[in-house]
Amino acid sequence: MQFVIYDDNPDAAAALKAMLHPLLPESVQVECAHTLSQAESLVSEQTDVVFQDIELDTPQNGILFARELQKRFPRLRFVFITAYTKYYEQIFTVEPIAFLQKPFRPEGLRICVDQLERHLHLHEQQIGVSLTKNHIRMLELSDVEYIENSNRRLLLHTADDAVKY
């Protein structure tokens, strides 16, 4: 799994990453972006969650940027981060998983990670399966019944044998 923290304040992004690290499984990769171009290059089909700052040093705020990302990557989830409470109503146009207020508090982060767990099943082991050159599907490892080699291809059979990859 991949998470991206987009905050134009490098110290805030580093603090959030450090506080998240002990709460997340080792399989979750967390990257930080401090500029719009960095965020655009880091966020991809493989990104699961963006921790998005709202007030940025750009003409566009983080909510508008999140809407643009959501159009490009519909399965992408968001956690908004900000020091300002005036954005509470606007964030719901993106349907975020959570809202974290700066300065970050350990109990707020724990609640946020619990919400991420419910939405993404963070602690279950997953395997990435390449369906096409540009599309990867994540499968829960516990759903894979067996793997078969057929003509130099690996076929993953699920427990119900209804889907093969």
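How each quantity is defined
Residues numbered from 1 in each chain as written. Predicted model: local features only at pLDDT ≥ 70, side-chain atom pairs only at ≥ 80, totals over all residues. Heavy atoms only, no water. Helix = DSSP H or I, 4+ residues; strand = E, 2+ residues; numbered from the N terminus. Buried < 20%, exposed > 50% of the residue type's maximum accessible area, 1.4 Å probe, protein only. Contact = heavy atoms within 4.5 Å. Areas by Shrake-Rupley, 256 points an atom, 1.4 Å probe, with all protein chains shown as cover. Phe/Tyr/Trp six-rings, centres within 6.5 Å; stacked < 30°, edge-to-face > 60°.

(A) Quick peek at the overall build of the protein chain. Check the secondary structure of the protein chain and you find four helices and nine strands. Starting at the N terminus and walking to the C terminus, you meet the elements of the protein chain as β-α-β-α-β-α-β-β-α-β-β-β-β. Per-residue burial for the protein chain yields a buried fraction of 39% across its 165 residues. Once local pairs closer than 6 in sequence are excluded, the contacts in the protein chain between residues at least 24 apart make up 55%. Accessible surface computed for the protein chain: about 9800 Å², of which carbon and sulfur atoms make up 50%.

(B) Structural view of unusual backbone geometry. The amide bond that connects lysine 102 to the next residue, proline 103, takes the cis arrangement and shows omega of -10 degrees. If you trace the backbone, proline 103 turns up in the loop between strand E5 (98-101) and helix H4 (106-120). Although it is not a glycine, glutamate 95 sits at a positive phi angle of roughly 55 degrees. Mapped onto the secondary structure, glutamate 95 falls in the loop between strand E4 (77-82) and E5. Judged by relative accessible area, which is 66%, glutamate 95 ranks as exposed.

(C) Structural view of the packing of aromatic side chains. Counted by the stated rule, this structure contains three aromatic pairs. Ring centres of tyrosine 6 and phenylalanine 65 lie 5.5 Å apart, and the angle between their planes is 80 degrees; this geometry places the pair in the edge-to-face category. With tyrosine 6 in strand E1 (residues 2-6) and phenylalanine 65 in helix H3 (residues 62-72), this residue pair connects regions lying 59 residues apart in the sequence. Comparing tyrosine 6 with phenylalanine 65 shows no difference in burial state: the two are buried. Geometrically, the ring pair formed by phenylalanine 78 and phenylalanine 80 is stacked, given 6.2 Å between the ring centres and 10 degrees between the ring planes. The class for phenylalanine 78 is buried, based on a relative accessible area of 1%.

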